[in-house]
Amino acid sequence: MNDTVITVENLRKTFAFGFFRRKVEAVRGISFEVRRGEIFGFLGPNGAGKTTTIKMLMGLIFPTSGKCELLGGRVTDLAAKRRLGFLPESPYFYDYLTGRELVDLAGRLFDLPAAVRRRRGDDLLERVGLSKAATIPLRKYSKGMLQRLGLAQALVNDPELVVLDEPMSGLDPIGRKEIRDLIVSLRAEGKTVFFSTHILSDAELICDRCAILVRGQLRDVGPLDQLLSPKLLHTEVVLECNGLKEAKRLAPDEDVDAVLRAALESGVKVVAVQPRYEHLEDLFYREVEAEKRAS
Amino acid sequence: MNRLGAIAYNTFREAMRSKLLYSIVLFACVLILSGLVLGQFVLNEQLRLTRDLGLGGISFFGVALAVFAGVSMVYKEIERKTVYALIPKPLHRWQFVVGKYLGMVLTLAVQMGLMAVVLCIALWLQGGAPDAPLCRAILLLFGQVAVIAAVAILFSTFSTPFLSGLFTVGVFIIGRYSNELHAVILAKLKESPELAKVLLYGSHVLPDLHLFFVSGGTVAGKTVSVNAGDYVNWTYVASASAYGLAYAGCVLALAIWSFSRRDFV
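Everything in this summary refers to the structure shown in the same document.

## Observations concerning a negative patch on the surface
Argument step 1. Where like charges cluster on the molecular surface, the negative patch consists of A:Asp253, A:Glu254, A:Asp255 and A:Asp257.
Argument step 2. Along the chain, A:Asp257 falls in helix H9 (residues 256-265).

## Side note on the sheet that holds strand E12 (residues 244-250) of chain A
Residue and element names in this part refer to chain A.
Argument step 1. In spatial order, the strands read E12-E11-E13; together these three strands make up an open sheet with antiparallel pairing. The sheet is open, and its two borders are formed by E12 and strand E13 (269-277), each paired with just one other strand. With strand direction ignored, the average angle separating the axes of adjacent strands in the sheet is 15 degrees.
Argument step 2. Examined bridge by bridge, strand E11 (residues 232-241) and E12 share seven bridges and lie antiparallel to one another.

## What to know about the sheet that holds strand E4 (residues 65-70) of chain A
Residues and elements named next belong to chain A.
Argument step 1. Strands sit in the order E2-E1-E4-E5 across an open sheet of four strands; the sheet is antiparallel. The open sheet has two edge strands with one neighbour each: strand E2 (22-35) and strand E5 (73-74).
Argument step 2. In this structure, strand E1 (residues 4-17) lies alongside E4, joined through five bridges in antiparallel fashion. Residue Ile6 lies in a different strand from E4, and its bridge partner there is Leu70.
Argument step 3. With respect to the sheet, helix H1 (residues 50-57) is in contact with E1, E2 and E4, its orientation differing from that of E1 by roughly 115 degrees.

## Topic: the packing of helix H6 (residues 93-125) of chain B against helix H7 (residues 132-156) of chain B
Two quantities define a packed helix pair, namely the angle between the axes and the distance from one axis to the other.
Residues and elements named next belong to chain B.
Argument step 1. Contact geometry of H6 with H7 gives a least axis separation of 10 Å together with a crossing angle of 150 degrees. Between H6 and H7, the angle falls in the class roughly antiparallel. At the point where H6 passes H7, the crossing takes the right-handed sense. Together, Val97, Lys100, Tyr101, Met104, Val105, Leu108, Ala109, Met112, Ala116, Leu119 and Leu123 of H6 and Leu134, Ile138, Leu141, Phe142, Val145, Ala146, Ala149, Ala150 and Ile153 of H7 make up the contact between the two elements.
Argument step 2. Its residues assigned to classes, the contact of H6 with H7 shows 19 nonpolar, no polar and one charged.

## Some thoughts on the pairing of E4(A)
Residues and elements named next belong to chain A.
Argument step 1. Two strands pair when backbone bridges link them, and E4 and E5 are joined in this way by two bridges, in the antiparallel orientation. Looking at the pairing, Glu69 lines up with Arg74 of E5.
Argument step 2. Between the end of E4 and the start of E5, which pair antiparallel, lie two residues, with Leu71 showing a positive phi angle near 50 degrees.

## Here we look at the packing of helix H3 (residues 46-70) of chain B against H7(B)
Residue and element names in this part refer to chain B.
Argument step 1. Running from N to C, H3 and H7 point in directions that differ by 20 degrees, and their axes come no closer than 8 Å. In this view, H3 runs roughly parallel relative to H7, as classed from their interaxial angle. Our pair here, H3 against H7, has a crossing hand that is right-handed. When H3 is examined against H7, the residues Arg51, Leu55, Ile58, Ser59, Gly62, Val63, Ala66, Val67 and Gly70 are found in contact with a partner set consisting of Leu134, Ala137, Ile138, Leu141, Gln144, Val145, Ile148, Ala149, Ala152, Ile153 and Ser156.

Calculation rules
Here the residue numbering is sequential within each chain, running from 1 through the sequence in written order. Here every chain gets a letter starting at A, and every ligand a number starting at 1, in the order they are written. Where totals are concerned, whole chains, interfaces and linings use all residues; where local detail is concerned, this predicted model gives features only for residues with pLDDT of at least 70, and gives and counts side-chain atom pairs only at 80 or more. As a rule here, side-chain values cover all heavy atoms of the structure and leave hydrogens and water aside. By definition, no residue in a patch forms a salt bridge, and every one has over 30% relative accessible area; like charges are joined within 9 Å, nonpolar side chains (Val, Leu, Ile, Met, Phe, Trp, Tyr) within 5 Å. Each accessible area is a Shrake-Rupley result for a 1.4 Å probe, and residues are judged covered by the shown protein chains and nothing else. Salt bridges are defined as contacts in which a side-chain nitrogen from Lys or Arg sits within 4 Å of a carboxyl oxygen from Asp or Glu. When charges are counted, Lys and Arg are positive and Asp and Glu negative, with His and the chain ends excluded. To locate a charge, take NZ of a lysine, CZ of an arginine, CG of an aspartate or CD of a glutamate. A helix here means a DSSP run of H or I that spans at least four residues, while a strand means a run of E at least two residues long, and both kinds are numbered starting from the N terminus. A pair of strands is considered paired only if DSSP assigns at least 2 bridges between the two. In this description, a line fitted to the C-alpha atoms serves as the axis of each element, helices being fitted only across the stretch in contact, and the angle between N-to-C directions of two axes falls anywhere from 0 to 180 degrees. Working rule for contacts: check all heavy atoms of both residues, and any pair within 4.5 Å makes them a contact. Working rule for angles: under 35 degrees goes down as roughly parallel, over 145 as roughly antiparallel, 65 to 115 as roughly perpendicular, anything else as oblique. We call a crossing left-handed when the near helix sits turned anticlockwise from the far one by less than a right angle, and right-handed when that turn is clockwise. Throughout, the ten residues Ala, Val, Leu, Ile, Met, Phe, Trp, Tyr, Cys and Pro are labelled nonpolar, Asp, Glu, Lys and Arg are labelled charged, and all others, Gly among them, are labelled polar.

Right, here's the structure in full:
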């Protein structure tokens, strides 16, 4: 079985706007692969080209040049689309339908028999916590409910590959945790999850590998532990004296032991010692800054 | 086929849940039933008036519904981004366009069928009954509406509903008066027959909707009326329907071509 489920090679997209067809390069020759069974985070600030890339992968827009493949086939191949689930960014659905009707419509488009559609629809609505809202028209759904319904319709065909465009945007912390747990459970079921986000803490918690996109260019691709620098950034020491707390940031070359010893000898209480290594957020800022300097 | 059916059924369901479309159909039914009142002022011509008013109402409101629903049919899906969740499903873009058209034609058939039933009730209340010429006239009107629906969908793949509405109504008016247009071209361009020939050929790009509304006009040199015994026969209805089907097919092919090239930004 092919181990690569998404292949992107030198993908470019240029849009032409206005009367004079002013050209804007949204995606500038990016290449990466997504492997079977992993959670792949597609990270980047707003306007980096994440949604444009996902739209090209989903066949919603056509690349200016380059190649993208899904599950070993072209993005327009029905055989590949049958094994794919997709949640668009801030999903818009037919607001005259109920939740159950929408999932049923999605099932019809996958040619699922009526009994399978009914059973799977009920299971999925239960899984995303919308069982009680199944018969309510979508115009009465909140943003979080629509997001969860979008996930249900994306999973109706029991897909091998699930592509989620900003699945956590607009959700409260509880909603984000629920979506994170769902993504992790999809990986446990053997599915591959490709999702875009600009919420770095979410990506850091669940991604096996990630790609960082800045201004249409790929800055880095790989496992998080390889992308993040193992170098110690600093050590934070919190001390308490006469009820007053003070935090000290020690440079990597400073002797932490000596600072702690001196504190203890002078009767100061050591409340916390926290070595600080690079987080995804630091890496992200590092890449964005590097891109700014380069341009 | 299931996917086409799913899109068509969903389009039909949307129309059936639209209060605005219901209002238009209700208004058409009231107009048709007004023949009962107006008939009181016309001696011995009550049935004729009800039939003419009814057919006129079905024609006008059928076209109005086709234009109203058709011009936003595809545009709305792109603007509201509902298409984003559908295209990545195992669905060809042509299936989406054809499915939308079939759903719209089914909706129009139900709405026009409802108006036809109201017309029949109005006739029964006046002691008359629907006959074969009336059925043929209604079928021809449905052919006209199916052609207009395809034209509206074509425009909605690349234009705003307002402009699409203007274009579609323009096509309807020119198509409805195609005979007169041909006569004007021949009369005005006597001195340049080559130009007249080009214009005549060019005018065939627009639909000949005159074929579908023949009552009171001439067919093969003979005056025909839905109220007399000399109305067009079933062969004529079949050939006009075949023309309508072929024309709608060509227009849909253009709509598919336009929709298939679009980036959904």
